[in-house]
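Coordinate inspection notes
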Amino acid sequence: MARLADYFLLVGYDLAKRGTGIGQGRILQRFPEKDWEDNPFPQGIELFCQPNGWQLSAEKNLPTFFIAVLTDINSERHYCSCFTFWEELDSIQAIGDQRDGESEEDATIASAAQLYAPKTLVLVSRLDHPEVFRDSLGLIYTIYTDGLSVSLENVVGNLLTCTIPVTGGSQRTISLGAGDRQVIQTPICDSLPISNCSVALLFRQLGITNVLCLFCAALTEHKILFLSQSYQRLTESCRALLAIMFPLRYSFTYVPILPAQLLEVLSTPTPFIIGVNALFRGETQELLDVVIADLDGGTITIPECVQIPLLPEPLLHHTQDALSLVLDPSLQIADLAFPPSSITASTLRMQDMEVRAVFLRLFAQILQGYRCCLQLIRVHPEPVIRFHKASFLGQRGLVEDDFLTKVLEGMAFAGFVTERGPPYRSIDLFDELVAYEVKKLQYEEGCQQNVMKHVQELAEKLYRNENPYPAVSMHKVQRPSEGSHLRPQDKCFPLLDESSVQWILDQAAAKMQNAPPAVRVEKKCMVPPGPPMTAIVERTGTVVANSNRRLEVVRNCISYIFENKMLEAKKLHPAVLRALKGRAARQCLTQELNLHVQQNRAVLDHQQFDFVVRLINCCLQDCTALDEHAIAAALLPLVMAFCRKLSPGITQFAYSCVQDHLIWTNMQFWESMFYGDVQNHIRALYLSPDESTVNLDELEEEERSALELAAEQCRLWPTLPREKQLELIQKEESTVFSQAIHYANRMSYLLLPLDTSKTRLLRGGAGFGDTESVSNSFITNSMAGSMAESADTESGFEDSESSDVAHCVVRFITRFVDKVCTESGVTADHLKGLHTMIPDIVQMHIETLDAVHRESKRLPPIQKPKLLRPSLLVGEDLVMDGLRVYLLPDGREEASGGSLGGPPLLPAEGALFLTTYRCIFKGTPVDPLVAEQSVIRSFPIASLTKEKKISVTAQLDQYVQEGLQLRSCTFQLLRVAFDEEVPSEVTEIFRKHLHKLRFPPDVLGTFPFSAGLSLPHSTQTRTKDKNPSLKTLSKNLVKNAKKTIGRQYVTRRKYSPPSWDHRGSQNSLEQQSDDISVSEEMERSTLSTLKAPEKQAVGNVAERACCRDYQRMGLGTLSNSLTRAKNEPFRISTVNRMYAVCNSYPGLLIVPQSIQDNTLQKISRCYRQNRFPVVCWRSSRSKAVLLRSGGLHGKGVVGLFKSPNTTTTGPSQTDSTSLEQEKYLQAVVNSMPRYADVSGRNTLSAFPSAHLYDSPDKRQPKLGSLMKQVMGGKEDIRGGKWGSMRGSGRISAYAMNSDVGTRLAGREFLTHHQNGGPSESTLTPRRAALYIIGDKSQLKGVKQDPLQQWELVPIELFDVRQVKASFKKLMKACVPSAPSADPSMSYMRTLEDSEWIMQLHKLLQVSALVVELLDSGSSVLVGLEDGWDLTTQVVSLVQLLSDPYYRTIEGFRLLVEKEWLSFGHRFSHRGAHTAASQSNGFTPVFLQFLDCVHQIHLQFPSEFEFSQYYLKFLAYHYASNRFRTFLLDSDCERIEKGVLYEERGDRRSPLVCRSVWEYMERLHKKTPVFYNYMFCPEDGEVLRPYSSVWGLRVWDYYTHEVLSEGPSYDWELLQGTQPEEPERSDSSAPQTKRKIIWPSYHAPARLQMDAITHLLEELQSLETDLGQVPERWKETWDKIKAAHRTEARHEGRKSSALLMPSGVSSQRHSLGVYLQESGVGSTLNLSLESGPSTTSTPSGSGKLGARNSTSTLYSQFNTAERENRSYEGTLYKRGAFMKPWKPRWFVLDKTKHQLRYYESRTDTECKGEIDLAEVETIMQGTPTLGAPKTVDERAFFDLKTTRRVYNFCATDPLFAQQWIDRIQSCLSDA
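Residues numbered from 1 in each chain as written. Predicted model: local features only at pLDDT ≥ 70, side-chain atom pairs only at ≥ 80, totals over all residues. Heavy atoms only, no water.

**Considering the overall build of the chain**
Per the secondary structure count, the chain includes 63 helices and 46 strands. In the chain, which comprises 1870 residues, the share counted as buried stands at 56%. Contacts in the chain between residues at least 24 apart in sequence constitute 71% of all its contacts with a sequence separation of at least 6. A total accessible area of about 82,800 Å² is found for the chain, and carbon and sulfur atoms account for 52% of it. (Helix = DSSP H or I, 4+ residues; strand = E, 2+ residues; numbered from the N terminus. Buried < 20%, exposed > 50% of the residue type's maximum accessible area, 1.4 Å probe, protein only. Contact = heavy atoms within 4.5 Å. Areas by Shrake-Rupley, 256 points an atom, 1.4 Å probe, with all protein chains shown as cover.)

Structural data, given as structure tokens:
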């Protein structure tokens, strides 16, 4: 029985405190005046009576009622029922109030005629009967207003003395003595909440989704705030939220109605559920972590910083569906064609119960099987229960679920375990549901009818709990008459007689003392455990078991280990490791290992021990810190059991080898293990000993759980005598105590490292207890048992002053023991004894470990794989022998057997070698399935870009102590982990040697200077003392520059900012003592014989690339004696012969004929690095020239665009320089025939900006439009090729832009304009004669003179710093160091972020623009930055696109030698070759150029003589520094170092090549690896590639690797790694030609060659078999092409004319050559020449099969030789002395600038050639002795060269004149 009401209060307005400005209330009367002993009076009730504040009103408001809830310090809730009505104030009080009023609102109230003050009747109770309280207080108010003749004192006294039962389900009728009758219904079970209709109302106000969100927020301990204008709604909503949380009880702040004066409570850091009046909405806006529910508006607001985890699927979906069916029953029939006429809708009360039933089902599903995870620690005197959270989450498969994890960690669930954990108690509806109806819950989810049926059943039970019986008694309570509150009251609510009320209370108290005490009978029973957890999981399917096959593999492997079949076990080992990723396999392993443990001990030999330890480590490495699947718990006793004998009396257990795991440092794991073992021992304690003799009873007893035994003991506990009770308590405590000692030992085993002699701190951040902390010890060598030193790390405990391992472990164990013993009720004396024992336990174990560690060192070393030695190049020496390492996988999937398939080649075990040239790893994969393969990964030392130490996290076969990561700019990455046998000192020596080799102090210390030299450098020099060496001569040439240049060169130096310009020439060269004077006459005489091979003069060697190209193009004069010299617009200047004007330019430069050398010296000062404009290429068709220079200095910019008409006060150096500059540019303009005699301004000056954007003005092509539309011109006589094999389709795609291309060419056109209208010729601007392309930042704001004939094009490209940064990102994208789990860091995203492709796009775009300008007749000067980076890239690409010669192997070499080497690209500086340039980093400007060439090659595969491999080869050796070609920064430096003359190779050691060109030439003669079989160029072709980003591809050079042989660019190393023959030699094996290619391991191109290479190799092998000397591949290929050409010519010839121009392509036919492939029986049709209208039809013996597509492919491409024969025919040639005239077949080749002759037309071997560069004159000749008799004299002509005079005779004068014209035209074009 309990009091219905504890206190009655009368609270009124406090008029005395009105003057303070804030109205307050005060308690006028309180009954009883003394506090109840069991229930103190709650303070602050007057605040809750008027939550908005005590205020006067001008109107008499209606009475109100609401219930506020107060919670005391003991978490008891007090329900304060507040009944408020209003009373009149007298006039005196009103006047006083008016005088004291301050606010505007007070003034308004004061102006009213009558004021009303609130008064509140308050009833305080611990029971929740809101309707009874409303009626009781309403009765008191009715007595007052209606003046009933009833004593208020009696009513109040009766109310306070009324007692009712708390539970039981009975009805109680009470009367307060005013003629009333009230019925009070008590619930059957008080543990179920009473909700009335509040839950249903909450869902109606907020909706399903919002309420579910609030529900999850409350369970996960977020702050929740309700807003409403109604106090009753606030109370009901809070009550509803608590009701749906059942069976969890909310244990944080709960205030349904919060007064305005306490709003600061909302800032509390703890969770809460609070209701606030909507008037104070504004004050809640600043709450950043509170979920706000607006009941009136039906919305909830969740701040951005609050993340509310929702219910796991599919529970959330099922709950929403069930709630929809309950709250909206018509939803099911809404779509029916014939809906029922009426729907039986539930009442609001039943709907409330149904909603609660849905949530009750939800909790039963969430918490099903929870009792299986309860751990019983103590039974007596009170049960102590703990919940195993990790086990519950693991068995339910919800470890990753955020919602359930937070719920289980919350205070509400802790209270749930405390309340419902005990096994013997009274049970309620939830216990029955979660125990007996789990199956029902699972099977009903798929059927809505079954779900609703079950919900209605549960709702009926909930309703019956609140209303067990129908109301049989009449409920009667008087209510006030209508309008009673408006009637004027004569008096206020009277004060009650306190003595009368107290007398009634005393009388009731006296009766209670005489009455017998009420005993609450609780019906206790054993709580049903419910079905086991495993059954639930299997039915729900949340865990998918491994296949039986995998489990069988695990069992077999364990059997092999213990049967000592180690070879079989090793084969299964990789499969077992993969299987152990699954939980079922790990559990199977623990079960199998447990079978081999007998009497807690299993002694193994060394190999068995090693295997078992590896398997245990593999199991543990996948365990999380929670150990949710109890794998570590099952392994813990096993690691204490498995051991091996080290020596007599010394045993090593497995626990010393499995310490490196996170789980051992997790305090929660040890607690769960401890409590689990305690439960088992407590269970064994209460099992009756005599039952072990009866088998059946024993089986039944074994099935009884610890909770069931505990329930039985709790039932018997009251019947036991006191002595027996004390005995049981003592036994339980002893059990806990003994387990604490046992676990102190266990923890010391797992926490103390094997080598305790080293003062290593335990790893971990804030302590072992953190789940995030890492392991405290390293894994030991499982076979040798040796431990390596660890790095110094932080202590694992709070105070890290002490580094003593023992002290740290003692503290950790002590903390554990304190916690578990306190929770388990161990006495203080026992706990003190434990504290004393722990240090002794630790110390004893340390002594044991010392002996084990000492003996483990004496074990024989493990047999490790033999180290494989790599092949070395000639001259390559080992610096450090192999260091045993493991090659670890990086971010590339291919080698690790990822999603691309293939075996896991990495990790691999082998050795790391350091040579003078490379860093090499060679080894074998760790995976035994591919252990017979070798893995090679290497890179040149010079390409190393980054080296750093790494920490090794991979689990390998052996313990590794440290790692190293080496990244190379050849796109290679070595991540190695050093083996334990490699001391840290050796690794440091390795790093020092590596750094020393990577950054030598001087370039002479690099590999190309030291490789292959048997004698010291000084000895070599002395062997040449007969004549001055070229090196000495060249050094003195530079040294004596000072004597020949004069004073002006001294002043020049201040315009050369970089200090490197004269670091060598000023210091080292001045020390030379040779005094050879070189005059200008000597230089000129040298120049006149530059091409004479018999004279090896300095100039001949130094300028070979430039001069050969200049002569090929006919630029400049070679001798003053030539008759055509004066007519040439350009000349070769020797002004820089001593590298005095510009030390980064070559010695010979092409300048306009009219410009003197002294003018060049002045002009050079205006340009950066003195790199003044020089001609590097001239168009043979338009005669436009391409010039290059450095960027302009400031004065150069001003002078360049200064108007010549500007008057100056006097001559100055700046003005003269400007005039010289202008004269120079005008000379360039005059050199072009098109502009030489044209006066006036040809300009595009209306567009000074060169942004790469389109222009809205369509009539005049701005430069931005040219850039975007540069590929849109019509086809004309110039030709032009688009980026495709099928060019015609692409041209038509650009038809809309054809007018722009026409304007680019400077021609007027008659087509329609782009916008549809006709184009007017007056709008077509004519082109400028010269365009100057410069940096936008440099040329900013410059205004041009409209009279000048050149125009500025300021462009905005990237700089070299951006190239360097972009390349770093590109390397990380293509070769990541680790796989990225972040989707934002995917390969494509990182590639995009590198901006490398965008830079290629810009380069190609600018180059295409320059090509178009040159092709249209305008010259272009490119001067970007310093002139040696971006300028070189652009001019090289322009020449490559414009001139077919540069697309041949010979021409591309010439282009690189001329533009990159001779014109001074800073290879050493950009490549960071020496220590001085180390800080610059690697900047791959040349690699970027090669990538651009690669992009063009992809678009025009038939235009290049060289293959893609040629470009990769150059890219690799550009960075490798194997050759001297790409060393140093200019020809000047190369002469200074003596490099320029030795590049051709040391003839005494033919195997060593100094030059990459010589090496490639040798290789090209041996194999066609550099040759492109699709090469069939069109004469004079200008390429116009696509430059859009979508058209560019990532170069496979960046991404592909071959682990079987390493990089394929050192060709000698590949000879020993030829593709293996079929591996099986067994004759019984089926013979097949199928080859299996593994990604990233094999080289497909070498295993499966292309068809032509394969056939050429077969031809050579056949010739060898027949005893013939094999021909070289090129000769064979040329013969095949010649045979085709002959047959095509025979068919296509229609006359017997001897002179056939090769440009007539309409007569070309396609003929196939059929080469029989041996052993295959098929033919391959190679169509070498195909016309546009012919196709190749394969024929021959055998079936073609799949080769038909191959022949079709090759039929598209033409041969190269045909196009190179510009003119050909028969001429008689006079032989040498005393030899006759003979007819020969002559071929004029414009591309190679040659006149070749053959024996006959069908001959393929050239008998001789005449270099047209040596031709001086061609003139009419006269017949000589032996000439043909029948030929006209006019048919003779002579050809005079620098060597001799050739005499020719044609068949008639017409053909002779044709030959003369053709040769003369070829000479003039050059």
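**Comments concerning the nonpolar core**
Ranked by internal contacts, the top residues of the largest apolar core, which has 251 residues, are Phe8, Phe215, Phe226 and Trp670. Among the elements that make up this core, the one with the highest residue count is helix α10 (residues 348-366) (eleven residues). Membership of the second largest hydrophobic core comes to 138 residues, among which are Val1185, Leu1225, Phe1486 and Val1493. (Core = buried A, V, L, I, M, F, W, Y, C linked by side-chain atoms within 4.5 Å.)

**Observations regarding the sheet that holds strand β21 (residues 650-653)**
Think of a sheet as strands paired side by side through backbone hydrogen bonds, with each pair either parallel or antiparallel. In spatial order, the strands read β19-β20-β21; together these three strands make up an open sheet with mixed pairing. One side of each edge strand has no neighbouring strand; the edge strands of this open sheet are β19 (602-604) and β21. Across this sheet, the average inter-strand angle for adjacent strands is 45°, counted without regard to direction. Two elements, strand β20 (residues 642-647) and β21, share four bridges in a ladder whose sense is antiparallel. In the sheet register, Arg644 faces β21, and the bridge partner there is Gln652. The strands touched by helix α22 (residues 606-621) within the sheet are β19, β20 and β21, with β20 carrying the most contacts at an inclination of about 140°. (Pairing = 2+ DSSP bridges. Axes fitted to C-alpha atoms, helices over the stretch in contact; angles between N-to-C directions.)

**Here we look at the environment of Pro42**
For Pro42, the location among the structural elements is in the loop between β3 (25-31) and α1 (45-49). Assessed through its relative accessible area of 11%, Pro42 is described here as buried. A C-alpha to C-alpha distance of 9.7 Å links Pro42 and Tyr7, two positions 35 residues apart in sequence. In this view, Pro42 contacts Tyr7, Leu70 and Val124; residues no more than four positions away in its chain are not counted.

**Describing the pattern of salt bridges**
A full pass over the atoms with the stated rule returns 70 salt bridges. A salt bridge links Arg386 to Glu671; its shortest N-O distance comes to 3.5 Å. Of this pair, Arg386 sits in strand β16 (residues 384-387) while Glu671 sits in helix α24 (residues 667-686), and the two are 285 residues apart along the sequence. Between Glu1799 and Arg1784 there is a salt bridge; the shortest N-O distance is 3.7 Å. On the criterion of sequence distance, the pair formed by Glu1799 in the loop between β42 (1794-1798) and β43 (1808-1811) and Arg1784 in strand β41 (residues 1781-1789) is long-range, its members being 15 residues apart. (Salt bridge = Lys/Arg side-chain N within 4 Å of Asp/Glu carboxyl O.)

**As for the packing of helix α20 (residues 566-579) against α22**
Direction vectors running N to C along α20 and α22 enclose 5°, while the axes themselves pass 12 Å from each other. It follows from the interaxial angle that α20 and α22 lie roughly parallel. Taking contact as the criterion, the partners of Met566, Ala569, Lys570, His573, Val576 and Leu577 in α20 are, on α22, Gln607, Gln608, Phe611, Arg614, Leu615 and Cys618. Class assignment of the residues belonging to the contact of α20 with α22 gives a composition of seven nonpolar, three polar and two charged. (Parallel < 35°, antiparallel > 145°, perpendicular 65-115°, else oblique. Nonpolar A, V, L, I, M, F, W, Y, C, P; charged D, E, K, R; others polar.)

**Examining the environment of Arg1168**
Here Arg1168 shows up in the loop between α40 (1157-1164) and β31 (1174-1178). According to the relative accessible area criterion, Arg1168 is partly exposed, its value standing at 27%. Along the sequence, Arg1168 and Gly1427 sit 259 residues apart, while their C-alpha atoms lie 7.7 Å from each other. Contact partners of Arg1168, with chain neighbours within four places excluded, come to Gly1190, Gly1191, Leu1192, His1193, Gln1338, Glu1425 and Asp1426.

**Describing the pairing of strand β46 (residues 1845-1849)**
For β46, the buried fraction is high: four of the five residues fall into the buried class. Direction of pairing for strand β45 (residues 1836-1841) relative to β46: antiparallel, over a ladder of five bridges. Residue pairing across strands places Phe1837 opposite Phe1848, the latter belonging to β46. The antiparallel pairing of β45 with β46 creates a hairpin that spans three residues between the two strands.

**Considering helix α56 (residues 1556-1566)**
Residues separated by three or four positions in an α-helix point in the same direction, a consequence of the helix having 3.6 residues per turn. Of the residues making up α56, those classed as buried are Val1556, Trp1557, Glu1558, Tyr1559, Met1560, Leu1563 and His1564. The opening residue of α56, the one whose side-chain oxygen lies 3.1 Å from the backbone nitrogen of Trp1557, is Ser1555. (Polar contact = N/O pair within 3.5 Å; in protein donor to acceptor, adjacent residues only side chain to side chain.)

**With respect to the sheet that holds strand β14 (residues 299-301)**
Reading across the sheet, the five strands line up as β11-β12-β10-β13-β14 and stay open at both edges, with mixed pairing between neighbours. In this open sheet, the two edge strands, each paired with only one partner strand, are β11 (253-255) and β14. Shown here is a sheet whose adjacent strand axes are inclined to one another by a mean of 20°, direction ignored. Bridge count between strand β13 (residues 290-294) and β14: three bridges; the pairing is antiparallel. Residue Ile292 lies in a different strand from β14, and its bridge partner there is Thr301.

**Some thoughts on helix α16 (residues 448-466)**
A rise of 1.5 Å per residue sets the reference length of α16, with its 19 residues, at 27 Å; its end C-alpha atoms lie 27 Å apart and thus fit the reference within 8%. All of the buried residues in α16 are Val451, Met452, His454, Val455, Leu458, Ala459, Leu462, Asn465 and Glu466. Along α16, the residues classed as buried sweep out an arc of 160° about the axis, all on the same side. Exposed positions of α16 whose direction lies more than 90 degrees from the buried face are Gln449 and Lys453. (Expected span 1.5 Å × (residues − 1). Arc of directions from axis to C-beta.)

**Here's the deal with unusual backbone geometry**
A cis amide bond, omega 15°, links Phe246 with the succeeding residue Pro247. The step from His380 to Pro381 runs through a cis peptide bond, and the omega angle for that step is -5°. Here Pro381 is to be found in the loop between β15 (374-378) and β16. The phi torsion at Glu221 lies on the positive side, around 65°, for a residue other than glycine.

**Digging into the packing of aromatic side chains**
Taken as a whole and assessed by the stated rule, the structure comprises 75 aromatic pairs. Measuring from ring centre to ring centre gives 5.7 Å for Phe85 and Tyr144, while their planes differ by 40°; the resulting arrangement is tilted. In this pair, Phe85 is assigned in strand β5 (residues 77-88) and Tyr144 in helix α4 (residues 130-146), connecting sequence segments 59 residues apart. Among the residues examined, Phe85 registers a relative accessible area of 1% and is labelled buried. Relative to Phe1848, the ring of Phe1786 lies with its centre 5.2 Å away and its plane at 90°, an arrangement referred to as edge-to-face. Of the two residues, Phe1786 sits in strand β41 while Phe1848 sits in strand β46, which places them 62 residues apart along the sequence. Each member of the pair, Phe1786 as well as Phe1848, carries the same accessibility label: buried. It is Arg746 that lies over the ring of Tyr743; its NZ or CZ is 5.2 Å from the centre. For Arg1522, the ring lying beneath its charged end belongs to Tyr1559, and the centroid distance is 4.7 Å. (Phe/Tyr/Trp six-rings, centres within 6.5 Å; stacked < 30°, edge-to-face > 60°. Lys NZ or Arg CZ within 6 Å of the ring centre and 35° of its normal.)

**Here we look at the packing of α22 against helix α23 (residues 631-639)**
In the contact formed by α22 and α23, the axes pass within 10 Å of each other and the chain directions differ by 155°. By the angle class used here, α22 and α23 are roughly antiparallel. The hand of the α22/α23 crossing is left-handed. Mapping the contact onto sequence places Ile616, Cys619 and Leu620 in α22 and Ile631, Ala632, Leu635 and Val639 in α23. Broken down by class, the residue content of the contact of α22 with α23 amounts to seven nonpolar, no polar and no charged. (Left-handed = near helix turned anticlockwise from the far one by under 90°.)

**Notes on the pairing of strand β29 (residues 1130-1133)**
The two faces of β29 match: Phe1130 and Ile1132 on one face and Arg1131 and Ser1133 on the other face are all buried. Bridge analysis of β29 against strand β30 (residues 1149-1152) gives four bridges, and the strand direction is antiparallel. Counted as the bridge partner of Ser1133 is Leu1149 from β30.

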